[in-house]
Amino acid sequence: MTARDPIADLRRIAFLLERANEATYRVRAFRSAAKALGALPAGEVAERARTGKLTELSGVGDVTARCVAESLAGEEPVYLRRLVATEGTDLDEAAAKLRDALRGDCHTHSDWSDGGSPIEEMALAAVELGHEYVVLTDHSPRLTVARGLTADRLRKQLDHVAAVNEALPKGFRILTGIEVDILADGSLDQDEELLARLDVVVGSVHSGLNDDRAKMTRRMLAAIANPHLDILGHCTGRMVSSRPAGVTGPGDRGHRARTRKESDFDADAVFAACAEHDVAVEINSRPERQDPPKRLIRRALEAGCKFAVNTDAHAPGQLDWQRFGCERAALCGVPANRVVNTWKADRLVKWTAGRG
Ligand SMILES: [Zn+2]
Ligand SMILES: [Zn+2]
């Protein structure tokens, strides 16, 4: 075992975060931890790590303590490894490469719910972007502000999509789907029989976003364990800015949404469950969402999760927003083979069918 210097590792992480222009508070966490450890007498860092007392020091949190423990064990800390893996790569190039690898989009809306355009328009725009498929995921019944589809309307939509598909260029298809509400008890807001019939089921929390941590975690875990759920949509529910002009959506209630903080849940438990149940974590590309934040993308990556880089487009032009999600994915080192919408439609549908 080669001993590593945990303080040097923390400082290296801080340096790489600064260079990547990460938020100041994240950098400070590593700089403060390095300083706190540097002030200790020789041997105390190892002793505290052994007895689990690192976090009792002011300036040392769970993440930095984990880095120190890994470092003392002679391993390159996972956090550092991720940063080093993306170091020196041309991020613009990596993002563009991931965007090129995408064959479709798994989260889009039409004017059947709160989108602004007919299904046909969305599909034609997706064809022009070079997609091989687009999944139509209009809202579920309880989201009345977004004109969520009742079971009957969804059945009608499935017939309509079948007819539209007949008229579309060969090699392209609309896949059926839904953005189903994850209800307060974690159940999904649509008939089982319909969820089973759909090609792709995206599940999102749109209500009770301020549920306490334990409740929100239970709610999300129940949804993830549901075999119909394929993709966990915009998992924190945060809004980092107002919606772009002309876009309405759930939670809007007739006016422009303001910023909204992240929902509180046990991210490690949620991502471990996603990995276990083979549910993909959405990287939502909408500029006002940017959800999940990068630190959570990194944790989902470590947990072994699959991803879907989606636009959540409510209008044809928004289908081109995938590049925003790709930029964030590239910054976190998400490899293309972990992103389900780099797959061909047949493989995607085989995956979702095998799960549900
Ligand atoms: Zn949503
Ligand atoms: Zn949506």
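Residues numbered from 1 in each chain as written. Chains lettered and ligands numbered in written order. Predicted model: local features only at pLDDT ≥ 70, side-chain atom pairs only at ≥ 80, totals over all residues. Heavy atoms only, no water.

A look at the coordination of the zinc ion (ligand 1)
Here is step 1: Around the zinc ion (ligand 1), the donor atoms from the protein are Glu179 (OE), His206 (NE2) and His234 (NE2), and they sit 2.1 to 2.2 Å away.
Here is step 2: As a motif over one chain, the donors of the zinc ion (ligand 1) read E-x26-H-x27-H.
Here is step 3: Owing to a relative accessible area of 0%, Glu179 belongs among the buried residues under this scheme. (Donors = N, O, S within 2.8 Å, 3.2 Å for Na, K, Ca; no water. Buried < 20%, exposed > 50% of the residue type's maximum accessible area, 1.4 Å probe, protein only.)

What about the UniProt feature "domain: Polymerase/histidinol phosphatase N-terminal" (unreviewed entry) in the protein chain?
Here is step 1: Under the UniProt annotation, "domain: Polymerase/histidinol phosphatase N-terminal" (unreviewed entry) lies at residues 104-184.
Here is step 2: Helix makes up 33% of residues 104-184 and strand makes up 22%, while its end C-alpha atoms are separated by 31 Å. (UniProt positions renumbered as here; feature names shortened; annotations may be inferred. Helix = DSSP H or I, 4+ residues; strand = E, 2+ residues; numbered from the N terminus.)

Quick notes on the pattern of salt bridges
Here is step 1: Counted under the stated rule, the structure contains 19 salt bridges.
Here is step 2: When the shortest N-O distance is used, the salt bridge between Glu132 and Arg103 registers 2.9 Å. On the criterion of sequence distance, the pair formed by Glu132 in the loop between α7 (119-128) and β2 (133-136) and Arg103 in the loop between α6 (91-101) and β1 (104-108) is long-range, its members being 29 residues apart.
Here is step 3: A salt bridge links Arg142 to Asp189, with the shortest nitrogen-to-oxygen separation between them at 3.8 Å. In this pair, Arg142 sits in the loop between β2 and α8 (151-167) while Asp189 sits in the loop between β3 (173-181) and α9 (192-197), placing the two residues 47 residues apart along the sequence.
Here is step 4: Since its relative accessible area comes to 58%, Arg142 is described here as exposed.
Here is step 5: On the accessibility criterion, Asp189 (7% relative accessible area) is buried.
Here is step 6: One network of salt bridges, with partners in common, ties together Asp152, Arg155, Asp191 and Glu193. (Salt bridge = Lys/Arg side-chain N within 4 Å of Asp/Glu carboxyl O.)

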